[in-house]
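# Remarks on the overall topology
Letter by letter, the chains look like this.
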Amino acid sequence: QVQLVESGGGLVQAGGSLRISCAASGLTFSSYAMGWFRQAPGKEREFVAIISRSGGNTYYADSVKGRFTISRDNAKNTVDLQMNSLKLEDTAVYYCAARLGVTRYLDSEYAYWGQGTQVTVSS
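Heads up: these notes are all about the structure in this document. (Residues numbered from 1 in each chain as written. Predicted model: local features only at pLDDT ≥ 70, side-chain atom pairs only at ≥ 80, totals over all residues. Heavy atoms only, no water.)

### What about unusual backbone geometry?
Even without being a glycine, N77 presents a positive backbone phi close to 60°. As for its position among the elements, N77 is in the loop between strand 7 (68–73) and strand 8 (78–83). In the Ramachandran plot, S85 falls in the positive-phi region, its phi being about 50° despite a non-glycine side chain. Locating S85 in the fold gives a position in the loop between strand 8 and strand 9 (92–100). (Helix = DSSP H or I, 4+ residues; strand = E, 2+ residues; numbered from the N terminus.)

In structure tokens, the structure reads:
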């Protein structure tokens, strides 16, 4: 079965950096667009970044543009999110998601989800 396992979350000070990763198994990884979404306490889950099947196209939420970078390695079946200049408002559980075919912004378009990894930014 398809499994997405996130890792790398933790506690970081504002202005710092963190890299989170997602390892995928049970699917033909290169056939799936991948996305990172997040959910803060009391808020709805939101789109953060998505990457096309080849990795050639990436899209970011305005709130993270210029600070976050999504990348993938189709040989290793992994997708990463490099987060720089972290802000307090970046605190959330970050989820990795997979969608067969092209990229989409809506989380409802993604069939497979990881369990999430907590990112906490402190002042």
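### Description of the state of the cysteines
Under the counting rule described, the total for this entry stands at one disulfide. Put simply, C22 and C96 are joined by a disulfide, and their sulfur atoms are 2.1 Å apart. Judged by the sign of its S-S torsion, about -75°, the bond between C22 and C96 is left-handed. Of the two residues, C22 is situated in strand 3 (residues 18–25) and C96 in strand 9; the sequence distance between them amounts to 74 residues. A relative accessible area of 0% places C96 in the buried class. (Disulfide = S-S within 2.5 Å. Buried < 20%, exposed > 50% of the residue type's maximum accessible area, 1.4 Å probe, protein only.)

### Some thoughts on the nonpolar core
In terms of nonpolar packing, the biggest core is built from 35 residues, with M34, W36, V79, L81, M83 and Y94 touching the most fellow members. Secondary structure elements with two or more residues in this core: strand 3, strand 4 (32–39), strand 5 (46–51), strand 7, strand 8, strand 9 and strand 11 (117–122). Excluding anything up to four places from it in sequence, Y94 contacts E6, I20, W36, F37, R38, V48, F68, L81, M83, G116, T117 and V119. (Core = buried A, V, L, I, M, F, W, Y, C linked by side-chain atoms within 4.5 Å. Contact = heavy atoms within 4.5 Å.)

### Details of the environment of Q1
In this structure, Q1 sits in the segment before strand 1 (3–7). For the pair Q1 and S25, spaced 24 residues apart in sequence, the C-alpha to C-alpha distance is 7.8 Å. Beyond its immediate sequence surroundings of up to four residues, Q1 is in contact with S25 and G26.

### Quick look at the pattern of salt bridges
Overall, the coordinates contain seven salt bridges when judged by the stated rule. One salt bridge connects R38 with D90, and the closest N-O pair in it is separated by 2.9 Å. Of this pair, R38 sits in strand 4 while D90 sits in the loop between strand 8 and strand 9, placing them 52 residues apart in sequence. By relative accessible area, which is 5% here, R38 ends up buried. Residues D90 and R67 are paired through a salt bridge, measuring 2.7 Å at the closest nitrogen-oxygen approach. (Salt bridge = Lys/Arg side-chain N within 4 Å of Asp/Glu carboxyl O.)

### Quick word on the side chain of D90
With a relative accessible area of 0%, D90 lands in the buried category. For D90, the contacting residues outside a window of four places in its chain are R38, R67, F68, S85, V119 and V121.

### Notes on the sheet that holds strand 3
The strand order across the open sheet built from four strands is 1-3-8-7, with neighbouring strands paired in antiparallel fashion. Strands with a single pairing partner mark the edges of an open sheet, and in this sheet they are strand 1 and strand 7. The sheet shows a mean angle of 15° between the axes of neighbouring strands, direction not considered. Where strand 7 meets strand 8, six bridges bridge the pair, whose relative direction is antiparallel. The residue bridging S71 from the neighbouring strand is D80, located in strand 8. (Pairing = 2+ DSSP bridges. Axes fitted to C-alpha atoms, helices over the stretch in contact; angles between N-to-C directions.)

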